[in-house]
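Working through the structure, step by step
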Amino acid sequence: MVQTAVEKVFKEILPFWEEIPDTDRDYICQNCSVLTYSRGQHIHNGNECSGVIFVRSGSLRLYMMSDEGRDITLYRLHRGDMCMLSASCVLDAVTFDVFVDAEEDSECYVISGPAFAAVSERNPCVKIFALETAVSRFSDVMWVMQQILFMSMDRRLAIFLSDESARTGCDSIALTHGQIARYMGSAREVVSRMLKYFANEGIVEVYRGGIRIIDKKRLRSLI
């Protein structure tokens, strides 16, 4: 039953699914686990090969950590997203440590790294998919670096709030100042100060545990 459900999902989301032999499709399904993670749970540590993660529900955060314990969010994964950077045995070029935490209660399909690597070696279309997926995520990482290095804080915050509102389809963003700071790679005090400025300008309303956008046009003008 579980294998049938997994195969149905993979048929919809993996473009190479119909191109590989039945034996490899069965092999992937047999080496796939349905796992649930609690909010705040640590999922992947450094360059270990945890496997290829597909998010069925919830939200995951990928980040790097310095020797001093400071972290920077690289990107977040939501329903329908797939993570290749957690499978270092599939992508030999991934030589840096990436950490993954569950931001919400999440359900994921996790394909064994060695199993996915074996199938990709036999099927070039699978390897191409893995590389393309990784490259698209590296683009997300470079966008984060560009914002941190070259953009003013007000513009970065305006981009974050606009993107989050577009993602959820809601003007209210249920994130604390600390969470926003962590996602943006900034300090909580800096985010709080900038949100106070936005509130004084009538762009947002700050309430306990969240922010509501009240002037989208003005917010977009800052981007």
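In case you missed it, the structure is sitting above this.
**A look at the overall build of the protein**
Regarding its fold elements, the protein presents eight helices and 11 strands. Dimensions of the protein, computed from C-alpha atoms along their principal axes, come out at roughly 60 × 35 × 30 Å. When burial is assessed residue by residue, the protein has 45% of its 223 residues classed as buried. Taking all contacts inside the protein whose residues are at least 6 apart in sequence as the whole, residues at least 24 apart take part in 69%. For the protein, the distance from the average site of its 25 positive side-chain charges to the average site of its 30 negative ones is 9 Å.

**Notes on the side chain of T133**
Mapped onto the elements, T133 comes out in helix α4 (residues 124-150). Apart from residues lying up to four places away in sequence, T133 is in contact with M82 and M84.

**Describing the sheet that holds strand β1 (residues 32-37)**
Whenever strands of a sheet pair, they do so through backbone hydrogen bonds, lying parallel or antiparallel. Taken in spatial order, the four strands of this open sheet run β1-β8-β3-β6, and their pairing is antiparallel. Each end of this open sheet is capped by a strand with a single partner; those strands are β1 and β6 (82-83). Pairing of β1 with strand β8 (residues 106-111) involves six bridges; the strand directions are antiparallel. Within β8, the position partnered with Y37 by the bridge is S106.

**Digging into helix α3 (residues 113-122)**
Residues G113, A115, F116, A117, V119 and S120 constitute the buried set of α3. Of the surrounding elements, those touching the buried residues of α3 are α2 (22-30), β3 (52-57), β8 and α4.

**Details of α2**
Those residues of α2 not exposed but buried are D24, R25, I28 and C29. Taken down its axis, α2 places every buried residue within 140° of arc, on the same side. Structural note: α2 exposes T23 and Q30 on the side pointing more than 90 degrees away from its buried face.

**With respect to the nonpolar core**
The biggest cluster of nonpolar side chains holds 21 residues, and the ones touching the most others in it are F10, F16, W17, I28 and F116. Mapped by element, the contributors of at least two residues to this core are α1 (2-13), α2, β3, β8, α3 and α4.

**Considerations on the environment of M142**
Relative to the elements of secondary structure, M142 occurs in helix α4. With 46 residues separating them along the chain, M142 and R188 place their C-alpha atoms 23 Å apart.

**Topic: the pattern of salt bridges**
Working definition: two side chains of opposite charge can pair if their charged atoms are close together. Summed over all chains, the structure comprises 14 salt bridges. For K216, the salt bridge goes to D171, with nearest N and O atoms at 2.9 Å. A residue pair is termed long-range when its members are at least 10 positions apart, and K216 in helix α8 (residues 216-221) and D171 in the loop between α5 (153-168) and β9 (172-173) qualify at 45 residues. Under the relative-accessibility criterion, K216 is labelled partly exposed at 39%. In this structure, E205 and R212 form a salt bridge, with 2.7 Å as the shortest nitrogen-oxygen distance. Note on E205: relative accessible area 35%, which makes it partly exposed.

**Regarding the pairing of strand β7 (residues 99-102)**
Side chains F99 and D101 project from β7 onto one buried face, and the interleaved V100 and A102 project onto a second face that is buried too. Sheet topology places strand β2 (residues 42-44) next to β7; two bridges connect them, and they run antiparallel. Following the sheet pairing, H42 is matched in β7 by D101. Inspection of the sheet shows strand β4 (residues 59-65) paired to β7 by four bridges, in the antiparallel sense. Bridge assignment links Y63 to a residue of β7, and that residue is F99.

Calculation criteria
- Residues numbered from 1 in each chain as written.
- Predicted model: local features only at pLDDT ≥ 70, side-chain atom pairs only at ≥ 80, totals over all residues.
- Heavy atoms only, no water.
- Helix = DSSP H or I, 4+ residues; strand = E, 2+ residues; numbered from the N terminus.
- Buried < 20%, exposed > 50% of the residue type's maximum accessible area, 1.4 Å probe, protein only.
- Contact = heavy atoms within 4.5 Å.
- Lys, Arg positive; Asp, Glu negative; His and termini not counted.
- Charge placed at Lys NZ, Arg CZ, Asp CG, Glu CD.
- Pairing = 2+ DSSP bridges.
- Arc of directions from axis to C-beta.
- Core = buried A, V, L, I, M, F, W, Y, C linked by side-chain atoms within 4.5 Å.
- Salt bridge = Lys/Arg side-chain N within 4 Å of Asp/Glu carboxyl O.

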